[in-house]
Amino acid sequence: MDLGARLAGRHVLVTGASSGLGAHFARLCSGCGARVSVAARRRERLEALVAQLDAAGAAGVAALDLDVTDPDSVADCFAALPAPLDVLVNNAGISGSGAAVDLPLESFDAVMATNLRGPWLTSTHAARAWRDSGRQGTIVNIASIVAERVAGGVAPYAVSKAGLKQMTKALALEWARYGIRVNALAPGYVETEINADFFASPAGEALIKRIPMRRLGRPEDLDAAFLLLASDAAPWMTGALVPVDGGHLVSGL
Ligand code: NDP
């Protein structure tokens, strides 16, 4: 089955598309023939991505201002969508690292606002439109393997991703009646701006040795699982969390 072909012609909104995995997913979807809208706060980055996609022959790519923590910004972003939406990719996220014992409360709140409240706001917006129009949309939440296990120094991040896992399941249950599917991708460690400094450090190098496949992920390692969830290739699949992690979740204790 050609997973990419099953995304052709769909309209995909990727949040946090100004860098890292979000930009990668936008390129992937566009390369599959989907119409892509990219959203984040750093407009100049989005415009550079749009120029890149335009140059590659994509049509109708839109760059939309979005702060997922702000309900007005989310409403404005959805109002500015150039066409009815088919796929929402909740990718925007921050890691907010630091030892829990001394972590400023503002850091905890920022992680929850971005990683948990953000997907709630965008998902409920999308679902209201799909329910009211009868369109059968799909949501792909970008969680993490720390939704299942924990790592030191990123307690709020792990809490937020575990919450996103449960949000995926709860909304899948409520929205199956509308034909809306909600699934989550749980990547292991993939080198991007969110973690590049860490993986260059001795602690980061040690962590890579604990991944059973002994390497970091590359963004394209996520492509097949992402397309499975984002396309209509698995129409009976909802409420699932799919890890793609080089075996990290099954590493020996
Ligand atoms: P990056 O830091 O490269 O990208 C994060 C993106 O989120 C940026 O585009 C940023 O855009 C956006 N963002 C942050 N805050 C907001 C906000 N308030 N409103 C809108 N957009 C926002 O990190 P990654 O690409 O690595 O991470 C992408 C997702 O993948 C995250 O959810 C992360 O938790 C998850 N993930 C990453 C892993 C990895 O190893 N890299 C592993 C597992 C999960 P801007 O600042 O322009 O708004």
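Relevant structure appears above.
Every value quoted in this text rests on a predicted model; they were computed, and no experiment measured them.

Quick notes on the rules
- Residues numbered from 1 in each chain as written.
- Predicted model: local features only at pLDDT ≥ 70, side-chain atom pairs only at ≥ 80, totals over all residues.
- Heavy atoms only, no water.
- Near = heavy atom within 4 Å.
- Polar contact = N/O pair within 3.5 Å; in protein donor to acceptor, adjacent residues only side chain to side chain.
- Areas by Shrake-Rupley, 256 points an atom, 1.4 Å probe, with all protein chains shown as cover.
- 1 Å grid on protein atoms, 1.4 Å probe; cavity = no way out; pocket = protein on both sides within 12 Å on 5 of 7 lines; lining within 4 Å.
- Sits in = over half its atoms within 2 Å of the grid points.
- Helix = DSSP H or I, 4+ residues; strand = E, 2+ residues; numbered from the N terminus.
- Nonpolar A, V, L, I, M, F, W, Y, C, P; charged D, E, K, R; others polar.
- Core = buried A, V, L, I, M, F, W, Y, C linked by side-chain atoms within 4.5 Å.
- Buried < 20%, exposed > 50% of the residue type's maximum accessible area, 1.4 Å probe, protein only.
- Contact = heavy atoms within 4.5 Å.
- Phe/Tyr/Trp six-rings, centres within 6.5 Å; stacked < 30°, edge-to-face > 60°.
- Points joined across faces, edges and corners; volume = space filled by probe spheres on them.

Taken together, 31 residues surround the ligand, and among them Ser18, Arg41, Tyr157, Val190 and Thr192 come closest. Within the side chain of Arg42, one N or O atom sits 2.8 Å away from an oxygen atom of the ligand. Note that an oxygen atom of the ligand is positioned 3.0 Å from one of the side-chain N or O atoms of Asn195. Contact with the protein chains removes 94% of the 880 Å² of surface that the ligand exposes when unbound. Because more than half of its atoms lie within 2 Å of the grid, the ligand is assigned to the largest pocket. Put simply, the parts of the chain that give the shell around the ligand at least two residues each are helix 1 (20-31) and helix 5 (155-175). For the shell around the ligand, the per-class residue count stands at 14 nonpolar, twelve polar and five charged.

So, on to the nonpolar core. In summary, soluble globular proteins display a tendency toward joint burial of nonpolar side chains. The biggest cluster of nonpolar side chains holds 37 residues, and the ones touching the most others in it are Leu7, Val12, Phe25, Val38, Val89, Leu185 and Phe226. Contributions of two or more residues to this core are made by strand 1 (11-15), helix 1, strand 2 (35-40), helix 2 (43-55), strand 4 (87-90), strand 5 (138-142) and helix 8 (223-230). Considering every element that reaches this core, the biggest residue donor is helix 1, with six residues. Discounting chain neighbours no more than four positions away, the residues touching Phe25 are Val89, Asn91, Ile142, Leu185, Leu222 and Phe226. If you look at the next biggest cluster of nonpolar residues, it comprises 29 residues, including Val74, Cys77, Phe78 and Leu85.

Aromatic ring pairs: the centre-centre distance and the angle between the two ring planes describe each pair. Scanning the model with the defined rule gives three aromatic pairs in all. Between Tyr189 and Phe199, the ring centres sit 5.5 Å apart and the planes meet at 75°, which makes this aromatic pair edge-to-face. Of this pair, Tyr189 sits in the loop between strand 6 (181-187) and helix 6 (196-200) while Phe199 sits in helix 6, placing them ten residues apart in sequence. Among the residues examined, Phe199 registers a relative accessible area of 6% and is labelled buried. Ring plane angle 65° and centroid distance 5.1 Å describe the contact between Phe198 and Phe199, whose orientation is recorded as edge-to-face.

All right, on to the layout of surface pockets then. Put simply, the largest pocket is a space of about 1400 Å³. Among the secondary structure elements, those contributing two or more residues to the lining of the largest pocket are helix 1, strand 2 and helix 5. A per-element tally of the lining of the largest pocket places helix 1 first, with three residues. When its volume is computed, the second largest pocket comes out at roughly 210 Å³. Of the residues in the lining of the second largest pocket, the class split is six nonpolar, six polar and three charged.

Residue position: His24 is located in helix 1. Within the structure, His24 has its side chain in polar contact with the backbone oxygen of Pro219 (distance 3.5 Å). Setting aside chain neighbours within four positions, we find His24 in contact with Pro219, Glu220 and Asp223.

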